[in-house]
There are 2 protein chains.
Amino acid sequence: MTDVRIRKLAIFGVGLIGGSFALALRRADAVAQVVGVGRSQANLARAVELGVIDSIAADAAEALAGADLVLVAVPVQQTERVLNQIADHIEPGAAVTDGGSTKRDVIAAARNALGARLAQFVPAHPIAGAELSGVEAATAELYRGRTVVITPIAESLNEARTRVAQAWLACGARLVEMTAERHDAVLAAVSHLPHALAFALVDMIADRADGAELFSFAGAGFRDFTRIASSSPEMWRDICLANRDLVLAEVSAYRERLAILEQYLERADGPALERMFEAARTARNAWLRTVKS
Amino acid sequence: MTDVRIRKLAIFGVGLIGGSFALALRRADAVAQVVGVGRSQANLARAVELGVIDSIAADAAEALAGADLVLVAVPVQQTERVLNQIADHIEPGAAVTDGGSTKRDVIAAARNALGARLAQFVPAHPIAGAELSGVEAATAELYRGRTVVITPIAESLNEARTRVAQAWLACGARLVEMTAERHDAVLAAVSHLPHALAFALVDMIADRADGAELFSFAGAGFRDFTRIASSSPEMWRDICLANRDLVLAEVSAYRERLAILEQYLERADGPALERMFEAARTARNAWLRTVKS
């Protein structure tokens, strides 16, 4: 990756996503200097100790001086606040990207905050690592072979798009470009909906008077089905709010599918149940083969 | 386990459940002779090769001659047929158990089939190993530390209950006794419902025109959430039919819980979403600690 050479990378939010981005670019020898900004000085000091960042910037102005790449990797609800802080300090020729799980809201925030610098912003979503958090979990390998969705806006400059794409490629990721609307719809179906369903199931059982006894008979299937219900409640609240209309549409569609399942059960329709289960198994196993290859 | 000594164990259906039972009892030196009966001669021959059974019985009469313990480990829908075959051959003093995932239907089948031998039947459900199948997957370790639910009926003789309990204990299992009604309700909540939900989600996505693209953005969370949707469609059809009223009640209850989630989303109620997600995470993590200890 000798064609990517970032002089100075500024990271806002040095956690799993930001830290892994820095480590991956360092390993690829694609970056000369990395500075971090964040609300927790203890976390930033740990990031220096771990060799994730070279130094801590006192503020956005210091962080962005000379920076040709900026990553905003804070919780989605804080993105606009951070973009407001950096707007006046983004250097000409610098590119700004992010790691948010939803994209329409991030773009709306960028339109509000960045003014004349909007064209330097290239939104991205690395599909990786949601169940861990913190700089301690950061690794140079997090993005290897994983998909990063780029959702450029009409205004995005080619130069900025290229720099952002090359940086994610240098991390070992596979890039896919789509609109923010399509991204949010796809993720609502295959990520946000399953998380909401897992939370809702565990919540329902925990809420019962005999919840503790019920849990004591749960096995490996239940454990895997609900693993994502151990994810961060704050993060998933924010994702559900940021992508509210599309998550709502998916929950509604799923409730309708369950109504069909209820009909099959009501009329004891074995063939219909088996067809539904068989279609699911066939589709899942076909998908798994593509994942493994 | 020198206090358990089974002279002859007869197994109907030598797959994962039956084969593992035989291997675990052999390892505990708790059984002298094991014979198998089944519809596939090739599978039974393989079971002999693997040392799971000593010999293949030609029919129920041959299998049950001298047998003091009988395990019926066939798919639940076939239980009554097998119990009819064995009813006239069960020796006085022998105990009969099973490995079915639902218990009210198995007991109804036993009442229909066993006549005067009903008191020798002690229904059981080992909560283990649903995602694998076949004698090749059988292992002496399958039941170690796992829960086996015993659902004795009023008629069950103490001698039969003791022999069945000692056999499962010799396999390394933890025993819990409850009524068949309670068993079926508990499993509907923590096993049958999650399976139905996972099948329904994958089926819904696979059914869409853009299903293949949606799957291509599914990550590790989706993979784990849907793992149980790769289970046997026939087996889960049968479980859903056998436990139909209780599975239906759980699917309905879950749909109501999703309706609440939809309300939270509709009114963009962040605190309510976070409370639901946090309650789920707290309950799941508390449960995980009990599983690991």
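Everything quoted here is computed from the prediction, not taken from an experiment.

This part is about the overall build of chain A. When helices and strands are tallied, chain A shows twelve helices and nine strands. By principal-axis analysis of the C-alpha atoms, chain A measures approximately 70 × 40 × 40 Å. Looking at chain A as a whole, 53% of its 293 residues are labelled buried.

Counting residues at the interface gives 69 residues for chain B, matched by 69 residues for chain A. Residue assignment for the side of chain B that touches chain A shows that the elements contributing at least two residues are α7 (180-206), α8 (211-216), α9 (220-225), α10 (233-242), α11 (244-266) and α12 (270-292) of chain B. The biggest single contributor to the side of chain B that touches chain A is α7 of chain B, with 18 residues. Class assignment of the residues belonging to the side of chain B that touches chain A gives a composition of 45 nonpolar, ten polar and 14 charged.

All names here are of chain A. Pairing in this open sheet of three strands is mixed, and the strands run β7-β8-β9 from one edge to the other. The strands lining the two open edges of the sheet, one partner per strand, are β7 (124-126) and β9 (174-177). Mean inter-strand twist for the sheet, computed between neighbouring axes without regard to direction, equals 20°.

A word on the relation of the copies chain B and chain A. Overlay of chain B on chain A (RMSD 0.0 Å): rotation 180°, translation along the axis 0.0 Å. Expressed as an axis order, the relation between the two copies is that of a two-fold axis. Of the C-alpha atoms belonging to chain B, the one lying closest to the rotation axis is found on Phe225 of chain B, 2.0 Å away.

Before going further, it helps to spend a moment on the sheet that holds strand β2 (residues 31-37) of chain B. Residues and elements named next belong to chain B. One open sheet accounts for six strands, arranged β3-β2-β1-β4-β5-β6; its pairing is parallel. Of all the strands in the sheet, just β3 (55-56) and β6 (121-122) have a single pairing partner and so form its edges. Direction of pairing for strand β1 (residues 6-12) relative to β2: parallel, over a ladder of six bridges. Looking across to β2, one finds that Ile6 is bridged to Val31.

Take the packing of helix α4 (residues 79-86) of chain A against helix α5 (residues 104-113) of chain A next. Residue and element names in this part refer to chain A. One can describe the packing of α4 onto α5 by two numbers: an axis separation of 9 Å at closest approach and a directional angle of 30°. By the angle class used here, α4 and α5 are roughly parallel. When you trace α4 past α5, the crossing you get is right-handed. Residues Thr79, Glu80, Leu83 and Asn84 of α4 pack against Val106, Ala109, Ala110, Asn112 and Ala113 of α5. Class assignment of the residues belonging to the contact of α4 with α5 gives a composition of five nonpolar, three polar and one charged.

Before going further, it helps to spend a moment on the nonpolar core. Judged by nonpolar contacts, the single largest core of 219 residues is most densely connected at Ile11 and Val70 of chain A together with Ile11 and Val70 of chain B. In this view, Ile11 of chain B contacts Gly18, Phe21, Ala22, Val34, Gly36, Ile53, Leu71 and Ala73 of chain B; residues no more than four positions away in its chain are not counted.

This brings us to the pairing of strand β5 (residues 95-98) of chain A. All names here are of chain A. Burial of the side chains of β5 extends over both faces: Ala95 and Thr97 are buried on one face and Val96 and Asp98 on the other. Here four bridges tie strand β4 (residues 69-72) to β5, and the two strands are oriented parallel to one another. Opposite Leu69, over in β5, you have Ala95 as the bridge partner. Note that the unit made of β4, α4 and β5 has a crossover that is right-handed. Sheet topology note: the β5/strand β6 (residues 121-122) ladder contains two bridges and is parallel. Counted as the bridge partner of Thr97 is Val122 from β6. Note on the crossover from β5 through α5 to β6: the handedness is right-handed.

Okay, the domain arrangement of chain A next. Residue and element names in this part refer to chain A. Taken domain by domain, chain A holds domain 1 (6-178) and domain 2 (182-292). Taking only C-alpha atoms, the centre of domain 1 and the centre of domain 2 are 31 Å apart. Residue classes in the side of domain 1 that touches domain 2 are distributed as five nonpolar, six polar and four charged.

About the thresholds
- Residues numbered from 1 in each chain as written.
- Chains lettered and ligands numbered in written order.
- Predicted model: local features only at pLDDT ≥ 70, side-chain atom pairs only at ≥ 80, totals over all residues.
- Helix = DSSP H or I, 4+ residues; strand = E, 2+ residues; numbered from the N terminus.
- Buried ≥ 20, exposed ≤ 12 C-beta atoms within 10 Å, placed from the backbone.
- Contact = placed C-beta atoms within 7 Å.
- Nonpolar A, V, L, I, M, F, W, Y, C, P; charged D, E, K, R; others polar.
- Pairing = 2+ DSSP bridges.
- Axes fitted to C-alpha atoms, helices over the stretch in contact; angles between N-to-C directions.
- Least-squares fit on C-alpha atoms with pLDDT ≥ 70 in both.
- Parallel < 35°, antiparallel > 145°, perpendicular 65-115°, else oblique.
- Left-handed = near helix turned anticlockwise from the far one by under 90°.
- Core = buried A, V, L, I, M, F, W, Y, C linked by C-beta atoms within 7 Å.
- Right-handed = clockwise from strand over helix to strand, strands pointing away.
- Domains from an automatic or database assignment.

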